[in-house]
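Architecture at a glance
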Amino acid sequence: MSKRSKNQAKKLAAEHHTSLQPETKQGLWVLSLFTLAIIILLSFFDLTGVVGVGTRQALIFLFGWGARGVPVVFLLVGYALVQSPTTWRALQTVGLVLVVLGLSGLLHSTQESTKLWSVVNDGVGGGYVGFMALWPLNKLAGWWGGVVLLIAITIGGIFILFETSFASFKHY
């Protein structure tokens, strides 16, 4: 065996011994998501000290009214990981991001168009994320066009997240 192949064999053996099993990694993700969800939920009741205050303020700035949905999302994703025999796929993360962008933008669309930026610091609407999702769409397609696009983005994100389509709904 050449010196190069011996080094490669040692490297592979080291990687095998130091890497975690997929089930362990998935379990750690679930534990992290549930822990974050609980900490965030407790922060809305002022039960997590300085960390909770900072977390709550950051979430309200980012998501406005949607901040209270963040722990619910973490719990649902954690539950999905527990129920899923396979691991979470990167494409599902894209779906989740699209759903969050779409819903945040829709929440922000409830605000007056002249005050879209000023209400971000007030913790209303969809927060900074909602503003960033809504504002360019409003500029390109107008208010109604922006709302229609945000609804489409949200539905598309749900399709990607749950790997479903309109066809799967015809059975209901």
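Before reading further, recall that the structure is shown in the block above.
Figured I'd write up the structure that's included with this text.

**What to know about the packing of aromatic side chains**
This model, assessed by the stated rule, comprises six aromatic pairs. Taken together, a centroid distance of 5.6 Å and an interplanar angle of 15° make the contact between Phe61 and Tyr128 stacked. Taken together, the residues span a long stretch of sequence, with Phe61 in helix α3 (residues 49–63) and Tyr128 in helix α6 (residues 127–162) at a distance of 67 residues. In this structure Phe61 comes out as partly exposed when scored by relative accessible area, which is 33%. Put simply, the rings of Phe61, Trp117, Tyr128, Phe131 and Trp135 touch in pairs and so form one group of aromatic residues.

**Regarding α6**
Helix length check: α6, at 36 residues, gives a terminal C-alpha distance of 26 Å against a target of 52 Å (1.5 Å per residue), a shortfall beyond 12%. Along α6, the largest kink reaches about 120° and is centred on Ala141. Downstream of α6 by a residue or two, Glu163 has a phi angle that is positive, lying close to 50°.

**Side note on the packing of helix α2 (residues 22–43) against helix α4 (residues 70–83)**
Between α2 and α4, whose axes approach to 8 Å, the crossing angle comes to 160°. Put simply, α2 runs roughly antiparallel to α4. In this structure, the crossing between α2 and α4 has a hand that is left-handed. Of α4, the residues touching α2 (which contributes Gln26, Trp29, Val30, Leu33, Phe34, Leu36, Ala37, Ile40 and Leu41) are Val70, Pro71, Phe74, Leu75, Val77, Gly78, Tyr79, Leu81 and Val82. Looking at the contact of α2 with α4 residue by residue, the classes come out as 16 nonpolar, two polar and no charged.

**A few points about helix α5 (residues 90–108)**
Compared with the 27 Å implied by 1.5 Å per residue over 19 residues, the 27 Å span of α5 between its first and last C-alpha is a close match. Within the span of α5, buried status applies to Gln92, Gly95, Val99, Gly102, Ser104, Gly105 and His108. Looking at the buried side of α5, the elements it contacts are α3 and α6.

Definitions and cut-offs
Residues numbered from 1 in each chain as written. Predicted model: local features only at pLDDT ≥ 70, side-chain atom pairs only at ≥ 80, totals over all residues. Heavy atoms only, no water. Phe/Tyr/Trp six-rings, centres within 6.5 Å; stacked < 30°, edge-to-face > 60°. Helix = DSSP H or I, 4+ residues; strand = E, 2+ residues; numbered from the N terminus. Buried < 20%, exposed > 50% of the residue type's maximum accessible area, 1.4 Å probe, protein only. Expected span 1.5 Å × (residues − 1). Bend = angle between axes of the 7 residues up to and from the residue. Axes fitted to C-alpha atoms, helices over the stretch in contact; angles between N-to-C directions. Parallel < 35°, antiparallel > 145°, perpendicular 65-115°, else oblique. Left-handed = near helix turned anticlockwise from the far one by under 90°. Contact = heavy atoms within 4.5 Å. Nonpolar A, V, L, I, M, F, W, Y, C, P; charged D, E, K, R; others polar.

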